[in-house]
Amino acid sequence: MDLSSSVTGYVDDIKGALDSFVESLQGTPSQAALFTFGTDSPANGYDANTGLLPVATAGDNRTFRELYTDWGNPDTNYTNWDRGIGAVADANAAHPESERFDMAVVLTDGNPTVYGPNPTPNGQLDDRNSGYTRFRELGNATASANLLKSQGTRILVVGVGSGVDGPDAAYNLRTISGRDPYTGDNIREADYFQTDDYEPAGHALRDLVLANCAPSVSVVKQIVPYGGTTENAYAGTGWEFTGTPSPPATVTPTTGRTDSTGAMNFDLGFDTETADLQVEETQQSGYTSMPEETECVAKESGEDQLVPITQDPGNPEAFTVEGVGVNSVVSCTVYNRAPDLDSASVTVDKQWEVTRTTGPNGETTTDTYAAGDQPTGLNSSLTLAGPDGAGAGTQAWGDPREGYSVSEDGSVHVDENVTIQPSGCELTGTDIDGQAMTPGTGADMELTSGSNEWTITNEVECHSRLRLNKNVASGDLGPQWWQLRAIGPDDVLPGPNGRTTTDWAEVTPGATYQLAERADTPEPEGDAPHDIVHYVQNDQRMKDPDLSTRSRRARGAARSRAASRAVGSPPTSRVP
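Quantities reported herein were computed from a predicted structural model and do not represent experimental measurements.

1. Some thoughts on a negative patch on the surface
Taken together, Asp13, Asp165, Asp196, Asp197 and Glu199 make up a surface patch of like negative charges. Tracing the chain through its elements places Asp13 in helix H1 (residues 11–25). Residue Asp13 is classed as partly exposed on the basis of its relative accessible area, which comes to 41%.

Below you can see the structure in the form of structure tokens.
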């Protein structure tokens, strides 16, 4: 924007032209930057140049326009096309190609009179022959313009007022833009145009925006804060929308996401007079659709005019824009209410990981159980602190506790009480979502907004053990005369064997072991007494109906007791 001294008295007209241009960008996925130039860039007495800023939403568009709302008449400023264009090229060079300007609109009211950076270092012209329009001023401006074009930025020059309204001035405008003047219907191809005042310049710039958009439907995503209204909505970035046109029309893209401006655009193609477009958004967790606030406007006339839409009665995230014409530029604003970002709930789930020895060579198997499905004797209870500073209280596994505040509570203390009743089992570790935790000490878990869900995992090792014990109920013989043995299948751990009382032996859980005893000769102290044949086994254990002999199924730690008594004749005995 040329803010040289010659625009004095026309600044309000300049702001009106800028308003027409910037407001036409509202409702489109566009960004804009503001550069000024006079003697240098930025112009003396004005704020620094800006980077790209979003202008799609009403709020962002208004914020951009406020950048120049307070402009007054300029201080002493020459006209430096070179630095005005060169500053834009410098900004381009600082960014990757994907983030460079698509177009630079140069609005000027006069020919260049100085060149280069800081041409008046001490308040006086550094080049004493400058201050006029010469080949040097034009040549430097052309060099900066060529650099900017080489970066992929189109230049459109708008000459306003008597200073640039003649045919000679047109040649100067061409040197920094291109050969094609604006003729009234070629705004897409024009390189420069001349006009008497700023109002038609603003209209031409608005037409430039709209001509590049038709036919299209833009979607602007607005997020209403929890408890707020549409007045304080903000741009929604990364929201997905899908467009479905009425046949045989086509749409590009079929699915897109709102960019950093909070907007995205559907370009339509059709040969019929009009086409309809259904727009459907993909809802995000925690947000609430506000279909009653959806509004679409047509922008092609220069004045926003409401466009009829039809809401999908079965889908609050979908609506149809009807009657889009070949010259239509439609912009739709879609609102969603944000979740309560301070409210939080807590759910703690439970699982058990139980490891057992199952193979003949000590191989182990680990089984995972949800709360309530774990083996008998493994028990735990959950305690949670809060909300509102409340002390620890019991809470059922898997049931949410509501009412927490992220800002007030911050975190929640989680703990559990664990009991392991089977004598062959022991607790070997506990974690909450991978974070180590000691039952009875607990862990402080940070709260985030919405649902907080964690899982406490108890690791338990269980070892099934078996010991055999011999008891002689009557008679004079002692238990040492019997050899005791537990016999399992080939694919399980071996059972214990020995005399009187065997050592504890680890056995395979769930396996069936036959228990046997034998009256020994000549062990342990020579030949067994003849009386041993008169002892019969008194077996008081349960009989397994599925087996033809008595057996013992290994479950946890067990002691098997075989009793013998003296009788008059030598019976046979079967040992489980």
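2. Thoughts on the packing of H1 against helix H2 (residues 58–65)
At a closest axis distance of 10 Å, the pairing of H1 and H2 adopts a crossing angle of 160°. Accordingly, the angle class assigned to the pair H1 and H2 is roughly antiparallel. As for the relative orientation of H1 and H2, their crossing is right-handed in sense. In contact with Asp19, Val22, Glu23 and Leu25 of H1, H2 contributes Asn61, Phe64 and Arg65. Taken together, the residues that form the contact of H1 with H2 break down as 3 nonpolar, 1 polar and 3 charged.

3. Examining the environment of Val11
Turning to its location among the elements, Val11 is positioned in helix H1. Through-space distance from the C-alpha of Val11 to that of Trp71 is 7.2 Å; in sequence the pair is 60 residues apart.

4. Notes on the pairing of strand S8 (residues 240–245)
Burial of S8 is one-sided: the residues Phe241, Gly243 and Pro245 facing one way are buried, the residues Glu240, Thr242 and Thr244 facing the other way are not. Alignment of S8 against strand S10 (residues 255–257), held across 3 bridges, turns out to be antiparallel. Within S10, the position partnered with Phe241 by the bridge is Gly256. In terms of strand pairing, S8 meets strand S12 (residues 274–281) through 5 bridges, oriented antiparallel. When the bridges of S12 are listed, Thr242 appears paired with Glu280.

5. Comments concerning the layout of surface pockets
Taken as a whole, the largest pocket holds about 1100 Å³ of empty space. Around the largest pocket, the lining is made up of 43 residues, and of these Phe21, Leu25, Gln31, Ala32 and Met103 lie nearest the centre. Per element, the largest residue contribution to the lining of the largest pocket is 5 residues, and it comes from strand S3 (residues 103–108). Looking at the lining of the largest pocket residue by residue, the classes come out as 27 nonpolar, 10 polar and 6 charged. The computed volume of the second largest pocket comes to approximately 500 Å³. Lining the second largest pocket are 24 residues, with Gln26, Ala58, Gln222, Thr333 and Tyr335 sitting closest to its centre.

6. Some remarks on the sheet that holds strand S16 (residues 309–311)
Strand order in the open sheet formed by 5 strands is S10-S8-S12-S17-S16, and the pairing between neighbours is antiparallel. The strands lining the two open edges of the sheet, one partner per strand, are S10 and S16. Sheet twist, expressed as the average angle between the axes of neighbouring strands with direction ignored, equals 25°.

7. Some thoughts on unusual backbone geometry
In this chain, Ala214 is followed by Pro215 through a cis amide linkage whose omega measures -15°. Looking at the secondary structure, you find Pro215 in the loop between helix H6 (198–211) and strand S6 (216–224). The backbone of Asp388 sits at a positive phi, close to 60°, despite the residue not being glycine. Residue placement: Asp388 occurs in the loop between strand S21 (378–384) and strand S22 (393–395).

8. A closer look at the side chain of Lys15
Checked against the element boundaries, Lys15 lands in helix H1. The class of Lys15 is buried, set by a relative accessible area of 12%. At 3.2 Å, the side chain of Lys15 forms a polar contact with the backbone oxygen of Trp71. Among all residues touching Lys15, those that are not within four sequence positions of it are Tyr68, Thr69 and Trp71.

9. Things to note about the side chain of Asn80
Along the chain, Asn80 turns up in the loop between H2 and helix H3 (81–93). Among the residues examined, Asn80 registers a relative accessible area of 0% and is labelled buried. Filtering out sequence-adjacent residues up to four positions away, Asn80 remains in contact with Phe37, Gly38, Thr39, Asp40, Val114, Tyr115, Gly116 and Pro119.

Rules used throughout
Residues numbered from 1 in each chain as written. Predicted model: local features only at pLDDT ≥ 70, side-chain atom pairs only at ≥ 80, totals over all residues. Heavy atoms only, no water. Patch = residues over 30% accessible without salt bridge, like charges linked within 9 Å, V, L, I, M, F, W, Y side chains within 5 Å. Areas by Shrake-Rupley, 256 points an atom, 1.4 Å probe, with all protein chains shown as cover. Salt bridge = Lys/Arg side-chain N within 4 Å of Asp/Glu carboxyl O. Lys, Arg positive; Asp, Glu negative; His and termini not counted. Charge placed at Lys NZ, Arg CZ, Asp CG, Glu CD. Helix = DSSP H or I, 4+ residues; strand = E, 2+ residues; numbered from the N terminus. Buried < 20%, exposed > 50% of the residue type's maximum accessible area, 1.4 Å probe, protein only. Axes fitted to C-alpha atoms, helices over the stretch in contact; angles between N-to-C directions. Parallel < 35°, antiparallel > 145°, perpendicular 65-115°, else oblique. Left-handed = near helix turned anticlockwise from the far one by under 90°. Contact = heavy atoms within 4.5 Å. Nonpolar A, V, L, I, M, F, W, Y, C, P; charged D, E, K, R; others polar. Pairing = 2+ DSSP bridges. 1 Å grid on protein atoms, 1.4 Å probe; cavity = no way out; pocket = protein on both sides within 12 Å on 5 of 7 lines; lining within 4 Å. Points joined across faces, edges and corners; volume = space filled by probe spheres on them. Polar contact = N/O pair within 3.5 Å; in protein donor to acceptor, adjacent residues only side chain to side chain.

Purely geometric stuff here, so don't read any function into it on its own.
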